[in-house]
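Chain residues, written in single-letter form:
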Amino acid sequence: MRIVFFGDIMGRAGRKAVSHLSEDIIEHYQPDIVIANCENSAGGFGVTRKVYDELRFHRIDLFTSGNHIWDKKETADKLDEYPLILRPANYPAGTPGKGMLIFETSSGEKIAVINLIGRVFLGNFDCPFRMADTLLDAIPADVRTIFIDFHAEVTSEKAALFHYLKGRVSAVIGTHTHVQTADERINAGTAFLSDAGMCGGMGGVIGMRYDSVVNRYLYQIPSKFEVELSDIRLHGVFVETDAEGKALRIERIARCLDS
């Protein structure tokens with residue numbers, strides 16, 4: 001199976017990156033499924049119905065998310081009405097939405113997509129390691145390809161989950177930091193990248209305008225963040241697996257939208 005994954009789509013700039021660059025990427029890689037993290041896609045915080053429909057138009061099949069999926073009330077309160085949006089599975093039992101989906105591609109192949117969130121510096125969530133075990137036990141035997149978006153702050157937690165799951169899943173790809181790392185590898189048939197990076201404006205501070213961020217550091221008072229619109233780029237990753245779900249290839253995706 002051929003998988004294209006777009007890192008955190010950051011507001012209007014991220015959506016512009018997807019709208020202008022995704023077609024060529026899809027044409028180049030010929031993926032069976034396109035996945036994207038949408039938790040920042042509406043103004044940098046959360047997702048709305050309008051934004052969801054816009055991204056679906058650009059051939060994204062399935063969405064993962066993270067801690068910001070709850071930032072837009074219109075979606076957060078009705079997450080169960082969005083079957084193609086995952087929220088991290090290790091939120092407490094009873095949280096709206098779901099953290100895993102088995103998706104059937106147009107060719108009839110099946111892939112299990114799992115969304116998890118880290119605990120270091122992010123919150124008191126259920127254990128992502130034990131939740132992964134629980135979810136893997138629930139996946140039917142005929143589903144061989146398993147893709148995980150691990151939305152976490154620190155590289156060590158991401159790498160630890162990779163080693164914990166290597167040989168049991170097809171890919172563990174990190175999100176959340178908005179900075180694409182260069183540590184891609186395959187071990188025991190499992191592909192890994194600490195962070196897929198961000199789709200958005202690189203001219204500021206991880207997708208936000210510099211001047212809206214620096215004042216918080218200078219004065220330690222709340223300030224309203226605004227999405228950066230310059231130096232727009234798309235970051236993500238391509239993973240290819242064999243018939244048994246073992247990773248054969250991982251390649252970082254990094255494209256720049258000419259201004």
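Everything that follows concerns the structure shown earlier in this document.
These lines cover the structure that appears in this document, whether it is placed above or below. Note that the coordinates shown come from a computational prediction; the quantities given were computed from them, not determined experimentally.

Notes on the nonpolar core
Core analysis: the biggest nonpolar cluster contains 57 residues, and Phe-6, Ile-60, Ile-85, Phe-147, Ile-173 and Leu-234 have the highest contact counts within it. At 7 residues, helix α1 (residues 11–29) tops the list of elements feeding residues into this core. Setting aside residues up to four positions removed in sequence, Ile-173 forms contacts with Phe-5, Phe-147, Ile-148, Asp-149, Phe-150, Phe-192, Leu-193, Ala-196, Val-237 and Ile-250. Core analysis: the second largest hydrophobic core is formed by 24 residues, Ala-132, Ile-139, Ile-146 and Phe-162 among them.

A look at the pattern of salt bridges
In this structure the tally under the stated criterion is 14 salt bridges. Residue Asp-77 is joined to Lys-73 by a salt bridge in which the shortest nitrogen-to-oxygen separation is 2.8 Å. Look at Asp-77 and you get exposed, because its relative accessible area is 52%. When its relative accessible area of 62% is taken as the criterion, Lys-73 is described as exposed. A salt bridge links Arg-168 to Asp-133, with the nearest nitrogen and oxygen atoms 2.9 Å apart.

Considerations on the sheet that holds strand β8 (residues 171–175)
Pairing in this open sheet of 6 strands is mixed, and the strands run β5-β6-β7-β8-β10-β9 from one edge to the other. With one partner strand each, in any of the chains shown, β5 (100–104) and β9 (185–187) form the two edges of the open sheet. Averaged over neighbouring strand pairs, the angle between their axes works out to 20 degrees when direction is ignored. Alignment of β9 against strand β10 (residues 190–193), held across 3 bridges, turns out to be antiparallel. Across the sheet, the residue bridging to Ile-186 is Ala-191, located in β10. Where helix α4 (residues 128–138) meets the sheet, it contacts β5, β6 (110–117) and β7 (145–151), and its direction lies at approximately 160 degrees from that of β6. Set on the sheet, helix α5 (residues 155–165) makes contact with β6, β7, β8, β9 and β10; between it and β10 the angle comes to about 180 degrees.

Some remarks on the packing of α4 against α5
Two elements in contact, α4 and α5, have axes separated by 10 Å at closest approach and are oriented at 35 degrees. Seen from above, α4 lies across α5 with right-handed handedness. Of the residues in α5, those in contact with Pro-128, Phe-129, Ala-132, Asp-133 and Leu-136 of α4 are Glu-157, Ala-160, Leu-161, Tyr-164 and Leu-165. Here the contact of α4 with α5 is built from residues that sort into 8 nonpolar, no polar and 2 charged.

Observations regarding unusual backbone geometry
Across residues other than glycine, the phi torsion is negative in most instances, and most of the peptide bonds are trans. The phi torsion at Arg-59 lies on the positive side, around 70 degrees, for a residue other than glycine. Looking at where Arg-59 falls in the secondary structure, it is placed in the loop between α2 (49–57) and β4 (62–64). Even without being a glycine, Ala-188 presents a positive backbone phi close to 55 degrees. Owing to a relative accessible area of 46%, Ala-188 belongs among the partly exposed residues under this scheme.

Thresholds, definitions, all that
- Residues numbered from 1 in each chain as written.
- Predicted model: local features only at pLDDT ≥ 70, side-chain atom pairs only at ≥ 80, totals over all residues.
- Heavy atoms only, no water.
- Core = buried A, V, L, I, M, F, W, Y, C linked by side-chain atoms within 4.5 Å.
- Buried < 20%, exposed > 50% of the residue type's maximum accessible area, 1.4 Å probe, protein only.
- Helix = DSSP H or I, 4+ residues; strand = E, 2+ residues; numbered from the N terminus.
- Contact = heavy atoms within 4.5 Å.
- Salt bridge = Lys/Arg side-chain N within 4 Å of Asp/Glu carboxyl O.
- Pairing = 2+ DSSP bridges.
- Axes fitted to C-alpha atoms, helices over the stretch in contact; angles between N-to-C directions.
- Left-handed = near helix turned anticlockwise from the far one by under 90°.
- Nonpolar A, V, L, I, M, F, W, Y, C, P; charged D, E, K, R; others polar.

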